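A closer look at the structure
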Amino acid sequence: MLGVALGEEYQLTADPAEAECIVVNTCGFIGPAKEESIDTILAMGRMKEEGRCEKLVVAGCLSQRYPDDLAKEMPEVDHFLGSSDMLRLGEVLAGGAERMLVGNPANYTLRATDPRVLSQGQHSAYLKIAEGCNRTCSFCAIPAIRGKQRSRGVDDIVAEAERLVAGGTLELNVISQDTIAFGRDLDGRPDLATLVRRLGDIAGLRWLRLHYLYPETLTDELVELIAQHPKVVRYVDMPLQHASDAMLKRMKRGHGGTRLRRVVETVRNRIPGVVFRTAFIVGHPGETDEDFKELCEFVKWAEFDRVGVFRYSDEEDTGSFTQTAKVTKKDSAARHRKLMALQRPISRKRNRALVGRRVEVLVDGASDQHEYVLQGRHAGQAPDIDGVVYLSGAEVRPGEMVTAEITQSADYDLVGEVLLDDGDVPAAPPPKPRRRVSLRVTA
Ligand code: SF4
């Protein structure tokens, strides 16, 4: 959408008060995300009354999921775009577009030729390799919102990646809903390992990171690539959701806890120094104290580097919604607190093991602590979701890859002293066009 707006000769601004057009890109798959999206839309609606805004646009999964309800309840919104209709922002900006631009079913798949602007600097980019999901996890509304899996062609993905790297991107973060299933819907069934190898051949790329690997049997080839390929970071992001057989069955994950233990062992034994990130849902219908205890034992045993814990959200168009034995909010909140508290010392211990080590750090920019302190990430820290390395000791610039010695650690973040400066400054931003559009992202 930022690319579309620039193409229409709009200027981008992060300040909605100075925008003629405000776009709220929403998330709508669980309760807290929906609440945050709605709060943001309401706040931007007030901005429209007070500021320069002429058009308020709501895009993304919330408008895909609840188009009619939103249209009725929110007269202040001028246009709704579904999760497959981002490119139609051009029609909105040009004027005269209909209010409802929500295609059903959602069927958009990104193409290398689509306009794109990186909102967080050129040095790190997400690379979307597929849309939609063919699995049927019972708690998940995403397949209903995003549709069946649609993988992009390998050549198209590589073309986009090459262009990003030529523009200064050093780190590519591969994403989709079910990354390990990439290519199964394409002629010739190219697999993830084939794609990774092609991306790894791009000269100038430094880090390639794979997100959202479903915990089915990892192929030897993929494990080998993560373990050995110089550009594929030793980082496994694999949401496991639970560990007890009964819960995995209720969640319709297609495997039991024994399989998960085997997958964890494979990752740990065959990928030296791997950083393992996972996520769990607590409070799913039917989760007993025994199930939760089993999950806690599993987390203690596996010693993951990072764990995200989510409280179950009862979503009306999912299989879990109709399941009995709902867990109370109070119990769900208590389990959330307990699992987070259990993981914290494990994360702290794993971070502490890095003190004294030299690591490559990609400098992201000014830190969230102080404008004069820069922050970056080592290969085991993904953007947006993991901790950071606060940098001291030498002048570095955003977008550089530097070597730092880790001097301090906390539960999630690290402090490092810069030892070397061997990177380039990213390319200057394009010249400013005429009008302004603001994009608020909610999640
Ligand atoms: S694999 Fe992920 S996106 Fe697909 S249904 Fe399961 S939880 Fe949802």
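For the structure itself, look to the data block above.
Given the structure is predicted, the values throughout are model-derived calculations rather than measurements.

1. A closer look at the overall build of the chain
Scanning the chain for helices and strands turns up 13 helices and 19 strands. Along the first, second and third principal axes, the C-alpha set of the chain runs to 60 × 60 × 50 Å. For the chain, the proportion of its 443 residues judged to be buried stands at 53%. Taking all contacts inside the chain whose residues are at least 6 apart in sequence as the whole, residues at least 24 apart take part in 72%. If you sum the accessible surface of the chain, you get close to 20200 Å²; carbon and sulfur atoms cover 50% of it. Looking at charge distribution, the chain has the averaged site of its 60 positive side-chain charges lying 4 Å from that of its 66 negative ones.

2. So, the packing of aromatic side chains
Summed over the entire model, instances satisfying the criterion amount to five aromatic pairs. Ring centres of Phe276 and Phe304 lie 5.0 Å apart, and the angle between their planes is 75 degrees; this geometry places the pair in the edge-to-face category. Note that Phe276 is positioned in strand 12 (residues 275-282) and Phe304 in the loop between helix 12 (289-302) and strand 13 (306-311), a separation of 28 residues in sequence. Across this residue pair, the class does not change: Phe276 and Phe304 are buried.

3. Thoughts on the site of the ligand
Every residue near the ligand is listed here: Cys133, Arg135, Cys137, Phe139, Cys140, Pro143, Tyr214 and Arg253. Across the shell around the ligand, the residue classes tally to six nonpolar, no polar and two charged.

4. Brief notes about the sheet that holds strand 11 (residues 235-237)
Read from one edge to the other, the open sheet built from three strands follows the order 11-12-13, with strand pairing classed as parallel. Unpaired on one side and paired on the other, strand 11 and strand 13 mark the two borders of the sheet. Shown here is a sheet whose adjacent strand axes are inclined to one another by a mean of 15 degrees, direction ignored. Two strands pair when backbone bridges link them, and strand 11 and strand 12 are joined in this way by three bridges, in the parallel orientation. Within strand 12, the residue paired with Asp237 across the bridge is Arg277. Each of strand 12 and strand 13 touches helix 13 (residues 329-352); the most contacted strand, strand 13, lies at about 175 degrees to it.

5. Digging into the pattern of salt bridges
Inspection of the entire model under this criterion finds 38 salt bridges. Its salt-bridge partner being Arg65, residue Glu316 comes within 3.9 Å of it at the nearest N-O pair. Taken together, the residues Glu316 in the loop between strand 13 and helix 13 and Arg65 in helix 3 (residues 61-65) connect sequence positions 251 residues apart. Residue class for Arg65 comes out buried when judged on its relative accessible area of 12%. The closest approach of N and O atoms between Arg397 and Glu400, which form a salt bridge, is 3.4 Å. A residue is classified by how much of its surface remains accessible, and Arg397, at 40% relative accessible area, is partly exposed. One salt-bridge network, held together by shared partners, links Lys34, Arg65, Glu315, Glu316 and Asp317.

6. As for the packing of helix 12 against helix 13
Contact geometry for helix 12 and helix 13: axes closest at 10 Å, N-to-C directions at 15 degrees. Compared by their axis directions, helix 12 and helix 13 come out roughly parallel. Relative to helix 13, helix 12 is oriented so that their crossing is right-handed. When helix 12 is examined against helix 13, the residues Asp289, Phe292, Leu295, Cys296, Val299 and Lys300 are found in contact with a partner set consisting of Arg335, Lys338, Leu339, Leu342, Gln343 and Ile346. Here the residues of the contact of helix 12 with helix 13 are counted per class, giving seven nonpolar, one polar and four charged.

Each value, and the rule that gives it
- Residues numbered from 1 in each chain as written.
- Predicted model: local features only at pLDDT ≥ 70, side-chain atom pairs only at ≥ 80, totals over all residues.
- Heavy atoms only, no water.
- Helix = DSSP H or I, 4+ residues; strand = E, 2+ residues; numbered from the N terminus.
- Buried < 20%, exposed > 50% of the residue type's maximum accessible area, 1.4 Å probe, protein only.
- Contact = heavy atoms within 4.5 Å.
- Areas by Shrake-Rupley, 256 points an atom, 1.4 Å probe, with all protein chains shown as cover.
- Lys, Arg positive; Asp, Glu negative; His and termini not counted.
- Charge placed at Lys NZ, Arg CZ, Asp CG, Glu CD.
- Phe/Tyr/Trp six-rings, centres within 6.5 Å; stacked < 30°, edge-to-face > 60°.
- Near = heavy atom within 4 Å.
- Nonpolar A, V, L, I, M, F, W, Y, C, P; charged D, E, K, R; others polar.
- Pairing = 2+ DSSP bridges.
- Axes fitted to C-alpha atoms, helices over the stretch in contact; angles between N-to-C directions.
- Salt bridge = Lys/Arg side-chain N within 4 Å of Asp/Glu carboxyl O.
- Parallel < 35°, antiparallel > 145°, perpendicular 65-115°, else oblique.
- Left-handed = near helix turned anticlockwise from the far one by under 90°.

Take it as geometry only, folks, not as evidence of what the structure does.
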